[in-house]
Each structure stands twice: as C-alpha cells, then as structure tokens.
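Chains, contacts and geometry: an overview
In case you want the letters, here they are:
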Amino acid sequence: MFVRKHSKIGEKMNKQNYRKEENAQSIQWFPGHMTRTRRQIEKSLSLVDAVAEVIDARIPMSSRNPVLDSIIKGKPRVVLLNKCDMADPNKTARWIQWFRTKGIPAVAVDCKSGKGLNGFIPAVQEVLKEKIQAWKSKGMVGRVIRVMIVGVPNVGKSSLINRLCKGGKADVADRPGVTRQNRWFTIGKGFELLDTPGVLWPKFEDKLVGEKLAFTGAVKDDVVDTEHLASRLLEFLAESYPQEIIRRYKLDGIDVAAYPGYELLEMIGKKRGMLVSGGEINTERASIAVLDEFRGAVIGKITLESPEEMR
Ligand code: G4P
C-alpha cells in the first residue's frame, strides 16, 4: 500500500509554500508481505524456464522492482515495455536497445490493443536459444517452454495474461506445478504461461520513483496531493516536453522551463477559465485536468525516463 509520508491534505498550496525540488513529496510502500511474496515467486520460479518482466514504457526504471535480479537469480528474462501506446516511441526504441546491451531481449507492447505481442514468444525463444539447443541435442524434442510474468502493480500484468490467454487452454491436469492457484495456459505450440503473475514492489525508498509512479496513476490519488503532484509533473514536462505542454495548454511565447510547476498550473487554470468565487484560480481542478490528460496520453506520447540517465 502506498501511503503519504508527510500529509499535505488540507494544506492549501500557493506560490509561497511551494518550492521546486525540495518539496518533492515522499511516497512510501509498506509491503506487509514482502518476504512471503518473494518466497512465493521463488517457488514458482522453479517451475518455469524464463521470466517476463513487465514494465511501464513511460517510466521504464521507476516501474521496476529493485531486487528482481536477486530474486530470479540468473533465470533467463525478457522485458516487456508495456503501454507503449502512451510512451515516446523514440525513447522506447532506445530503451529496447539499452536492455539488449544488458543481454535482455525487450519488446514494446500495448496490451490494450494487443500490438507487439507477437514479439513475445520469439523474444523468449531468443533468450532460451542455448537451452533449446541443448534440449534438442538430448532428444527432448517438443519440450514445453514455461514462463511466468512478474512486475510491480499497475504495469499491465493482468492485461497481458488476459490477452495472451485469450482462447488459450488452462491446463488443470494432475501434474507437478498445477494447483488450483497455479494453472498453466497454452499460449502457443509448446509454450505455456503461469496464470498468476508475481506482484513485486517498486523502489519505494526513492521519492522520485514514488512521484513518477503517482504521475502515471499507479499510486491512488486519494493518498497524494494532486496539486503538488500536477505541479511536479509540469516541471518534468516543461523540461523534457516543453512543446507538448505549450501546445496543449496554449502557453505560446512562455518559456515554460523557467517557471515553477505551481505557476504553470495557475496559468493553465486561468487559460481554461477554472475559477472559484472571488476570481481565484481553481488549481485543484487544473491539477486534476493535467494529471488526467497526462495519464490518457492526451498531452502527448511521453516517457519520463531515458536510458542516458542510467550512466
Ligand atoms: P497489473 O495487473 O500489473 O496491476 O495491471 P493491469 O493489467 O490491471 O493494468 C493496469 C491498468 O493499465 C488498467 O487500466 C489497464 O487497462 C491499463 N493497461 C494495461 N496495459 C495497457 C496498455 O498497453 N496500454 C494502455 N493504454 N493501458 C494499459 P485501468 O484504468 O485500471 O482499468 P481499465 O481502463 O482497463 O478499466
């Protein structure tokens, strides 16, 4: 569960008490069952040949689990950059390249439309190439490949499983690894998927990660201050996607990167005629509009993290 560390509810934000950067809100995740989750995933890992890590293409780093490497311990892995319909295609291509340099085949997918999903099985076959060769040379022709899906909440694991399993057959046979909670779906010839994903936790100790997860809606808005969040998002966008916000919010002639996010929020509220009695700008309404429009990719196809930041 994500909870607010420093409650700001009821605290009216304004130019005076809003500070760029230093006011970044901390959001923490207290996972009651972190150890149990880890153990469950480790148990399921012994049943699969590979792991498919689902991440949000808009925040490829913040939507990852920080200790996945130590959990899966060298198990072959592919990465699915999901929600690519909302991400910057240029950055997605760079991220795919970045993962490849780490020896991890990565595929951009959109589980809403199903786009890109035909690249999933080939990516798994690629990462298992040597194993498949070894099975063949041992005469294990037609050895079934099994995969499990892992990822932090909201990245689209269930959507992916639903898409891949559409029309697939759940194997309820009495054989090892098949229990009521642990069923296998045939998703292609000789290819099976564990029907329950491994739900992991994000890097909750990093407040920027918490913020980015909140921008995308992975953190419920009732536990964060929407005005603060929208202000911070506008700062990110003003830096990396200035043209998109200028176009969307008709801020022509304004050097958006020079303003604190809260002032941008006020400009947007004013432009949109969002006023409360007395003529004051309704920044709360403006913040909801900005967050909704970002989450719906109405502002543009935006990715908040670049592989270059990893150096
Ligand atoms: P999870 O199992 O990892 O927690 O994620 P889940 O599949 O529940 O997906 C979380 C939200 O993301 C859902 O939206 C889902 O529809 C949306 N989603 C998943 N994949 C994609 C994608 O590739 N593109 C887009 N645009 N959205 C995607 P929701 O608002 O929670 O529900 P709903 O809109 O489906 O009703």
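Read on for an overview of the structure. (Residues numbered from 1 in each chain as written. Predicted model: local features only at pLDDT ≥ 70, side-chain atom pairs only at ≥ 80, totals over all residues. Heavy atoms only, no water.)

1. Regarding helix 10 (residues 261-271)
Inclusion rule: The cut-offs for exposure are 20% and 50% of the maximum accessible area for each residue type, with area from a 1.4 Å probe on protein chains only; residues under the lower value are buried, those over the upper are exposed, and the others partly exposed. For helices the rule is a DSSP run of H or I covering at least 4 residues; for strands it is a run of E covering at least 2, with both sets numbered from the N terminus onward. For this analysis, residues touch if any pair of their heavy atoms sits within 4.5 Å.
For helix 10, the tally of buried residues reaches 8 of 11 residues, placing the bulk of the element in the interior. For helix 10, the set of buried residues is Gly261, Tyr262, Leu264, Leu265, Glu266, Met267, Ile268 and Gly269. For helix 10, the elements touching its buried residues are helix 8 (226-240), helix 9 (242-249) and helix 11 (283-295). Taken from the residues just after helix 10, Gly273 is the one with a positive phi, measuring 70°.

2. Observations regarding the pairing of strand 8 (residues 184-188)
The condition is simple: By the convention used here, strands pair only if DSSP detects at least 2 bridges between them.
Two strands pair when backbone bridges link them, and strand 8 and strand 9 (residues 191-194) are joined in this way by 4 bridges, in the antiparallel orientation. Residue pairing in the sheet places Phe185 in a bridge with Leu193 of strand 9. Between the antiparallel neighbours strand 8 and strand 9 lie 2 residues, among them Gly190 with a positive phi of about 70°.

3. Things to note about the packing of helix 8 against helix 11
Definition in use: Here an angle of 0 to 180 degrees is reported between the N-to-C directions of two axes, which are lines fitted to C-alpha atoms, with helices fitted over the stretch in contact. When describing relative orientation, an angle under 35 degrees is termed roughly parallel and one over 145 degrees roughly antiparallel, while 65 to 115 degrees is termed roughly perpendicular and anything else oblique. Less than a right angle of anticlockwise turn of the near helix away from the far helix marks a crossing as left-handed, whereas a clockwise turn marks it as right-handed. Polar here means any residue other than Ala, Val, Leu, Ile, Met, Phe, Trp, Tyr, Cys and Pro, which are nonpolar, and Asp, Glu, Lys and Arg, which are charged; Gly is therefore polar.
It is at 8 Å that the axes of helix 8 and helix 11 come closest, and there the two elements cross at 55°. Judged by the inter-axis angle, helix 8 sits oblique to helix 11. Helix-helix and strand crossings are classified by hand; for helix 8 and helix 11 the assignment is left-handed. Seen from helix 8, the contacting residues are Thr226, Glu227, Leu229, Ala230, Leu233, Leu234 and Leu237; seen from helix 11, they are Thr283, Glu284, Ser287, Val290, Leu291, Phe294 and Arg295. Classifying every residue of the contact of helix 8 with helix 11 gives 8 nonpolar, 3 polar and 3 charged.

4. Some points on the site of the ligand
Which entries qualify depends on this criterion: When we say a residue is near a molecule or strand, we mean one of its heavy atoms is within 4 Å of it. Any N or O atom pair separated by 3.5 Å or less is treated as a polar contact, with the protein-specific requirement of one donor-capable and one acceptor-capable atom, and with residues adjacent in sequence counted only for side-chain atom pairs. Shrake-Rupley sampling with a 1.4 Å probe provides the accessible areas, and residues are treated as covered by the protein chains on show and by no other component.
Near the ligand, the surroundings consist of 15 residues, among which Asp85, Cys111, Lys157, Ser158 and Ser159 are the closest. Residue Asn82 places a side-chain N or O atom 2.9 Å away from an oxygen atom belonging to the ligand. One nitrogen or oxygen atom from the main chain of Asn154 is found 2.8 Å from an oxygen atom belonging to the ligand. The protein chains hide 63% of the 700 Å² of surface that the ligand would expose on its own. Here the residues of the shell around the ligand sort into 5 nonpolar, 5 polar and 5 charged.

5. Notes on the pattern of salt bridges
In plain terms, the rule: Between Lys or Arg on one side and Asp or Glu on the other, a salt bridge is scored when a side-chain nitrogen of the former is within 4 Å of a carboxyl oxygen of the latter.
Tallying each qualifying case throughout the model produces 16 salt bridges. The salt bridge involving Arg146 is made with Glu192; its shortest N-O contact spans 2.9 Å. Of the two residues, Arg146 sits in strand 6 (residues 145-151) while Glu192 sits in strand 9, which places them 46 residues apart along the sequence. One continuous salt-bridge network, built from bridges that share partners, spans Glu53, Arg64, Asp69 and Arg77.

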